[in-house]
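# Structure at a glance
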Amino acid sequence: MALRWRISALVAAAACAVAAAVGVLVHEFSRNRELSQARESARVTLDRAAVTYTRTGEVQGSGAALDAPGLPGDLRDLVEQGHRGTEFTTGPAGPAMWAARPAGSRVLSVRVDLTTTMRDIGALDASIVVAGLITTAVVLPLGVLTAGRMSRRLRTAAGTARRIAAGDLDARIAAGPRPRDEIADISTAVDTMAGALQKRLLGEQRFTADVAHELRTPLMGLVTAAELLPEGEAAGYVRDRVRVLGTLVEELLEISRLDAGAEHADMSPCPVGPLVREVVARSGPATTVVGADETADDADGDTDGDAGAATVRTDSRRLERILTNLVVNAHRHGRAPVVVTVSDDGRTVTVRDHGPGYPRTLLDDGPQRFRTGARERGTGHGLGLTIALGQAQVIGATLEFGDAPGGGALATLRLPAVPPPAGADPAGPAER
């Protein structure tokens, strides 16, 4: 049950409880007062009738009666023991208050009819019930309105927190200051947290971009110096390491652009099948393309069918970057064969290897830069999948990582049916 309706139900229950408690108290007070007055009136009348009976031996006109047939048995027994008393009864003749005392060998009693009094108390009870219902009907809408405002404010705070968690660090609740308002305190705390988180992450992004830019100049010097080295095993090793360093610097620059939101999609018609085959052709012979018609296309270019011939509107350069990173990651950290599958409409592409699968940390938290997640998946900087995920968000696609049936890692890329307009500002990569 939503908080709004819980609060509304609590308000209604509280209003009903208060009305019931007040009604019971008023009823008991009114009833006891009326019975007390009737008891006192019966006693006074009885005492006067006793004086008259003592003087004249008669009770006519005194309001009392001798040996009245309707006298309650308990009260009659009490009088026969030589005592006087009163008793309230609700017999067939209606409610009444009896008072009795000994009169020689007889019983002198007085009956005060309370039919009208009890009817008035019943009318008072009905009035209290009506008043309680009216009070509940007035208080409940106010409670619903107040609970609705509280619920809306809490939903706004929760929605803003989710936007921040999704990467929108500019999101703010912007709740005004309200003294002794816990919801406003929570909203202010969320805004403060978001501001501090944004400041810290922007600092990290600037640091990454600055480091990558500063490394480019000495890297160019290293490339030139490596080319001047005489041919040999040592020179080949140096050139390989320089190439790896250059790739790392370029990936850091790409991540910094993704973090800054400087990447924009350039949409155009793109045949997915030929693009996939081109990516696979550069990846090695252990990659297989499977189209919608279940025909296979090996990396050597021999085609048994038209795998994924559909054309979609997307950024072909970024799509190629995503697929290249996925295939390279499958070869580097998984085991052959690597299978790339294209759906009938070309909007879904899966990359599967037959290795140990993605590490649990990646499946739970997504790709983490500079973390490969599991020793058995090999070594690396952990930037390939991070870049693939960021570029997928730029073109409005979704990239999911999971375990393939029967073992192995499975990456699923889903292109949107309606891609974002060219130049649209992406929501930002998940790694922020």
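Residues numbered from 1 in each chain as written. Predicted model: local features only at pLDDT ≥ 70, side-chain atom pairs only at ≥ 80, totals over all residues. Heavy atoms only, no water.

### Observations concerning the sheet that holds strand β2 (residues 85–91)
Two pairing modes exist for strands in a sheet, parallel and antiparallel, and in both the strands are linked by backbone hydrogen bonds. Using the following cut-off: Strands qualify as paired when DSSP identifies two bridges or more between them. Secondary structure elements are taken from DSSP: a helix is a run of H or I of four residues or more, a strand is a run of E of two residues or more, and numbering for both begins at the N terminus.
Spatially, β1-β4-β3-β2 is the arrangement adopted by the four strands of the open sheet, whose pairing is antiparallel. Edge strands, defined here as strands with exactly one partner in the open sheet, are β1 (65–66) and β2. With eight bridges joining them, strand β3 (residues 94–103) and strand β4 (residues 106–113) adopt antiparallel strand pairing. Among the inter-strand pairings, Ala-96 is bridged to a residue of β4, identified as Asp-113.

### Some points on the pairing of strand β10 (residues 348–352)
In this sheet, β10 lies alongside strand β9 (residues 338–342) in antiparallel orientation, the contact comprising four bridges. Residue pairing for β10: Thr-341 is matched across the bridge by Thr-350. Taken together, β9 and the strand that follows it, β10, pair antiparallel across an intervening segment of five residues, in which Gly-346 is found at a positive phi of about 75°. Where β10 lies against strand β12 (residues 409–414), five bridges are found, and the strand directions are antiparallel.

### Brief notes about the packing of aromatic side chains
Our working definition: Aromatic contacts are taken between Phe, Tyr and Trp rings whose centres are within 6.5 Å, Trp giving its six-membered ring; a plane angle under 30 degrees counts as stacked, one over 60 as edge-to-face, and the others as tilted. Only protein chains enter the accessibility calculation, which uses a 1.4 Å probe. A residue is then buried if its area is under 20% of the maximum for its type, exposed if over 50%, and partly exposed in between.
On inspection of all chains with the given rule, the structure shows one aromatic pair. Between Tyr-358 and Phe-401, the ring centres sit 5.4 Å apart and the planes meet at 80°, which makes this aromatic pair edge-to-face. Of this pair, Tyr-358 sits in the loop between β10 and α8 (360–365) while Phe-401 sits in strand β11 (residues 398–403), placing them 43 residues apart in sequence. On the basis of relative accessible area, Tyr-358 is assigned to the buried category, the value being 9%.

### Remarks on the side chain of Ser-187
Just so we agree on the cut-off: Only heavy atoms enter the contact rule, under which two residues are in contact if any of them lie within 4.5 Å.
With respect to the helices and strands, Ser-187 occurs in helix α4 (residues 182–228). Assessed through its relative accessible area of 3%, Ser-187 is described here as buried. Sequence-distant contacts of Ser-187, that is, excluding residues within four places in its chain, are made with Ala-157, Ile-173 and Ala-175.

### Quick look at the nonpolar core
Definition in use: We define the nonpolar core as a collection of buried residues of types Ala, Val, Leu, Ile, Met, Phe, Trp, Tyr and Cys that are connected through side-chain atoms lying within 4.5 Å of one another.
In this structure, Val-276, Leu-326, Leu-399, Phe-401 and Leu-413 are the most contacted members of the largest nonpolar core, which totals 37 residues. Where this core is concerned, the elements lending two or more residues are α6 (272–283), α7 (316–333), β9, β10, α9 (384–394), β11 and β12. Looking at this core, the element that brings in the most residues is α7, giving six residues. Setting aside chain neighbours within four positions, we find Phe-401 in contact with Leu-326, Tyr-358, Leu-362, Leu-363, Pro-367, Leu-385, Leu-410 and Ala-411. Membership of the second largest hydrophobic core comes to 16 residues, among which are Ala-38, Leu-46, Val-110 and Val-112.

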